[in-house]
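# Analysis of the macromolecular model
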Amino acid sequence: MLPSNLAPDELLAYGYLSRDLRFPTVFAMRDRWFQGRYVRAFGIDDGPHPDNPARRAQVIAHDDVSSDEFVIELCAGETEDRIVIAQIPPCSRLGVTVGAALDRLERLRPEDRALQPDETLWVPRLELEVCRRFDELTHRPLCNRDLQGRSFDEVQQLVKFKLDEVGASVIAEAVMHGYGAPAQKRYFIVTRPFLLMLIRRSAPIPYLALWVETTAWMQEQPAPPPPAFPPFDPSLWSGPHLR
């Protein structure tokens, strides 16, 4: 997004972030329902796959209100970056929702944060590329004393993000220029709107926060056919009970 050349008196502010987080063990892939749509997802089921113990070790359960409301973390090896997924009710603004999710981290007791062999996790795949112009920031006077009377003519940001069974990657580029724990089995299956955050362990706020409530950034799949029921056999009916 950098311009090819600049005039001697032109202003330029530029920011760039790139992170590529990989899971040590690749998660399983399967299609799942999200908001009434069938989409590509990844995670763990309770089957006997030999990789499932390592997959479970990559998941931390931070809060578990119900199967519809929870906060989990996906661990990408030895890194300070955290991938947090919070299926929680949204607040009035994204920043307030982020704060509510951060308040739920480590809410469960340490012994309840690990996934058990019979517990399930599924998260939709995400892939997005969004470029936005911030016209509300253009032609506004700068506060810097040395730049009084100057302003930016163009402000835009590009974000590319991908989350799948392999890991998470993000590229963010911005440019401004111009003249001027429960006992029961748990299910962590993301089927409702959720907050996704990438945050450094030493940081108070995330460097990426996404509120996802549609399948716009997911890979939709053909819905599976309804289950086929066997034909009715009258010999199995005896009065009011089934044999």
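Worth saying up front: this structure is predicted, and the values here are computed from it rather than measured.

## Regarding the confidence of the model for the protein
- Here the protein averages 88 in pLDDT, while 91% of its residues score no lower than 70.
- The low-confidence segment residues 235-243, where pLDDT is below 50, has 6 contacts with residues more than four positions distant or belonging to other chains.

## Things to note about the pattern of salt bridges
- Taken as a whole and judged by the stated rule, the model has 20 salt bridges.
- Note that Arg-192 and Asp-68 form a salt bridge whose closest N and O atoms lie 3.1 Å from each other.
- Given a relative accessible area of 40%, Arg-192 falls into the partly exposed group.
- Between Asp-135 and Arg-133 there is a salt bridge, and its shortest N-O distance comes to 4.0 Å.
- Linked by salt bridges that have partners in common, Asp-63, Glu-69, Arg-104 and Arg-107 make up one network.

## A closer look at the layout of surface pockets
- Approximately 360 Å³ is the volume found for the largest pocket.
- Leu-94, Val-159, Leu-208, Ala-209 and Leu-210 are, among the 15 residues lining the largest pocket, the residues nearest its centre.
- Looking at the lining of the largest pocket, the elements with two or more residues in it are α2 (94-102), β8 (126-133), β9 (154-163) and β13 (208-212).
- With 4 residues, the single largest contributor to the lining of the largest pocket is β13.
- Split into classes, the residues belonging to the lining of the largest pocket amount to 13 nonpolar, 1 polar and 1 charged.

## Overview of the nonpolar core
- Among the nonpolar cores identified, the biggest contains 36 residues, and Leu-121, Phe-161 and Leu-163 are the most heavily contacted of them.
- Sequence-distant contacts of Phe-161, defined by excluding residues within four places in its chain, comprise Leu-126, Glu-127, Leu-128, Ala-168, Ser-169, Val-170, Leu-196, Leu-198, Leu-208 and Leu-210.
- Counting 11 residues, the second-largest nonpolar core is a separate cluster that includes Ala-86, Ile-88, Leu-195 and Ile-199.

## Regarding the sheet that holds strand β1 (residues 11-22)
- The sheet built from 4 strands is open, its strands ordered β1-β10-β9-β8 with antiparallel pairing. Both edges of this open sheet fall to β1 and β8, since each of them pairs with a single strand only. Direction aside, neighbouring strands of the sheet carry axes that sit 5° apart on average.
- Looking at chain direction, β9 and strand β10 (residues 167-178) are connected through 10 bridges and run antiparallel. When the sheet's bridge partners are listed, Glu-154 is paired in β10 with His-177.

## Re the sheet that holds strand β6 (residues 81-87)
- What the 5 strands build is an open sheet, ordered β4-β5-β6-β12-β13; its pairing is antiparallel. The open sheet is flanked by β4 (59-66) and β13, the only strands paired with a single partner. The mean angle between the axes of side-by-side strands here comes to 10°, regardless of whether they run parallel or antiparallel.
- Bridging between strand β5 (residues 69-74) and β6 involves 5 bridges; their strand directions are antiparallel.

Thresholds, definitions, all that
- Residues numbered from 1 in each chain as written.
- Predicted model: local features only at pLDDT ≥ 70, side-chain atom pairs only at ≥ 80, totals over all residues.
- Heavy atoms only, no water.
- pLDDT = per-residue confidence, 0-100.
- Contact = heavy atoms within 4.5 Å.
- Salt bridge = Lys/Arg side-chain N within 4 Å of Asp/Glu carboxyl O.
- Buried < 20%, exposed > 50% of the residue type's maximum accessible area, 1.4 Å probe, protein only.
- 1 Å grid on protein atoms, 1.4 Å probe; cavity = no way out; pocket = protein on both sides within 12 Å on 5 of 7 lines; lining within 4 Å.
- Points joined across faces, edges and corners; volume = space filled by probe spheres on them.
- Helix = DSSP H or I, 4+ residues; strand = E, 2+ residues; numbered from the N terminus.
- Nonpolar A, V, L, I, M, F, W, Y, C, P; charged D, E, K, R; others polar.
- Core = buried A, V, L, I, M, F, W, Y, C linked by side-chain atoms within 4.5 Å.
- Pairing = 2+ DSSP bridges.
- Axes fitted to C-alpha atoms, helices over the stretch in contact; angles between N-to-C directions.

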